[in-house]
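# Observations on the three-dimensional arrangement
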Amino acid sequence: MMNPIYIHQKEILKRYKQPDQYTHKGIQGHAIIIGGSYGKMGAVCLSSKACLKTGCGLVTVFIPKCGYDILQIAIPEVMVITDNQEKFISNIIFDITPQAIGIGPGLGLEIETQQAVYKLLQTNKIPLVIDADALNILSKNKEWLPLLQPKTIISPHPKELERLIGKWNSDAEKLEKSITFSKEYNLIIVMKGAPTRIIDGDTIYGNTTGNAALATAGTGDVLTGMITSLLAQSYEPINAAILGVYLHGLTADIALPETGYQSFIASDVITNIGKAFLSLENLSK
Ligand SMILES: NC(=O)C1=CN([C@@H]2O[C@H](COP(=O)(O)OP(=O)(O)OC[C@H]3O[C@@H](n4cnc5c(N)ncnc54)[C@H](O)[C@@H]3O)[C@@H](O)[C@H]2O)[C@@H](O)CC1
Ligand SMILES: Nc1ncnc2c1ncn2[C@@H]1O[C@H](COP(=O)(O)OP(=O)(O)O)[C@@H](O)[C@H]1O
Ligand SMILES: [Mg+2]
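As the structure is a computational prediction, the values presented were derived from the model and not from experiment. (Residues numbered from 1 in each chain as written. Chains lettered and ligands numbered in written order. Predicted model: local features only at pLDDT ≥ 70, side-chain atom pairs only at ≥ 80, totals over all residues. Heavy atoms only, no water.)

### Some words on the packing of helix 8 (residues 219-232) against helix 9 (residues 237-263)
Between helix 8 and helix 9, the shortest axis-to-axis distance is 8 Å and the interhelical angle comes to 140°. As the angle between them shows, helix 8 and helix 9 are arranged oblique. Viewed along their axes, helix 8 and helix 9 form a crossing whose handedness is right-handed. Here Thr219, Val222, Leu223, Met226, Ile227, Leu230 and Leu231 of helix 8 lie close against helix 9, whose contacting residues are Pro237, Ala240, Ala241, Leu243, Gly244, Val245, Leu247 and His248. Considering only residue class, the contact of helix 8 with helix 9 consists of 12 nonpolar, three polar and no charged. (Axes fitted to C-alpha atoms, helices over the stretch in contact; angles between N-to-C directions. Helix = DSSP H or I, 4+ residues; strand = E, 2+ residues; numbered from the N terminus. Parallel < 35°, antiparallel > 145°, perpendicular 65-115°, else oblique. Left-handed = near helix turned anticlockwise from the far one by under 90°. Contact = heavy atoms within 4.5 Å. Nonpolar A, V, L, I, M, F, W, Y, C, P; charged D, E, K, R; others polar.)

Structure, rendered in structure tokens:
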């Protein structure tokens with residue numbers, strides 16, 4: 001097995017694209033975040049706000065009807081398309097052409113939702129980030145995995161990873177199984193944890209930012225929004241994964257002296273995305 005490539009500033013600056021002075025929202029990327037169910041609309045709020053704050057020009061969410069007011073009031077900058085169902089997603093149809101899709105936060109596991117995910121995967125060619133319940137749906141329907149386009153990004157936490165690849169007895173076995181899975185389906189795996197590692201076939205990247213303050217509800221949903229945003233801004237999938245994970249961790253490192261470990265919450269990741277970007281800008285000067 002290869003040694004990991006550690007994601008330090010040097011690796012990041014090789015991949016980071018500075019904003020173009022003459023850009024506009026129409027070419028800055030349009031992302032869609034698909035998720036939410038009754039009681040878990042917060043996951044979509046966090047994910048879509050993080051998506052905007054990571055620089056994408058336009059963000060639309062696709063959610064069940066019950067989330068309409070919640071989203072419109074919580075984040076006026078985000079556009080909303082609703083499913084026909086009140087409490088969960090049953091049929092994913094949208095008449096926009098996004099450059100990236102993030103699916104899973106708060107999605108739930110209803111049978112109709114599972115079928116809606118299947119239908120999307122059958123036809124989708126748009127760069128995709130799959131997280132949370134969309135991963136759990138894939139774990140329940142592993143025969144759908146070959147539908148995923150090459151270099152689709154999946155971002156499991158350890159339990160979601162176990163549901164996908166089965167149990168492991170050591171960290172080495174976990175990596176080995178993840179590499180095999182990544183190669184079999186040609187996927188990029190953001191193996192979330194402390195630290196997060198990114199697997200792209202035989203290549204392993206080890207993140208160097210982040211701390212235990214991130215061990216709080218919704219920080220993974222935020223990460224999904226950040227990576228989807230970078231994908232929509234035309235970053236290659238591997239670079240979107242690497243830069244997204246690095247910036248996400250950096251927000252917690254920046255905030256820690258003010259929040260401590262205990263009071264840091266997922267919204268604090270979003271608040272500090274700007275400072276994380278500014279630190280990259282300073283480095284590249
Ligand atoms: N505000 C909201 O609306 C929130 C919605 N969420 C959504 O809730 C749904 C369920 O997600 P959950 O992840 O909570 O539930 P899961 O059942 O998928 O995962 C929870 C299980 O995973 C284990 N686990 C998680 N992280 C681990 C780690 N680092 N090491 C070892 N074990 C670990 C936990 O101990 C627990 O057994 C998802 O759709 C998610 O997006 C959550 O993200 C929390 C916030
Ligand atoms: N102790 C820790 N140190 C560093 N990062 C952590 C730690 N605990 C959690 N994280 C990070 O926080 C995020 C949690 O994601 P996830 O479990 O999907 O949360 P949620 O589903 O609640 O949004 C991941 O990016 C993970 O790497
Ligand atoms: Mg999660």
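### So, the layout of surface pockets
Empty pockets left among the atoms are what a rolling probe the size of a water molecule brings to light. Considered as a void within the structure, the largest pocket measures approximately 540 Å³ in volume. Contributing to the lining of the largest pocket are 27 residues, with Lys192, Leu214, Thr219, Gly220 and His248 lying nearest its centre. Mapped onto the lining of the largest pocket, the elements with two or more residues apiece are helix 6 (158-165), helix 8 and helix 9. Among the elements that line the lining of the largest pocket, the one with the most residues is helix 8, at four residues. Partitioning the lining of the largest pocket into residue classes produces 10 nonpolar, 13 polar and four charged. Of the volumes computed, that of the second largest pocket is approximately 330 Å³. Forming the walls of the second largest pocket are 16 residues, and the residues nearest its centre are Lys17, Gln18, Pro19, Gln28 and Gln233. In the lining of the second largest pocket, the residues fall into six nonpolar, seven polar and three charged. (1 Å grid on protein atoms, 1.4 Å probe; cavity = no way out; pocket = protein on both sides within 12 Å on 5 of 7 lines; lining within 4 Å. Points joined across faces, edges and corners; volume = space filled by probe spheres on them.)

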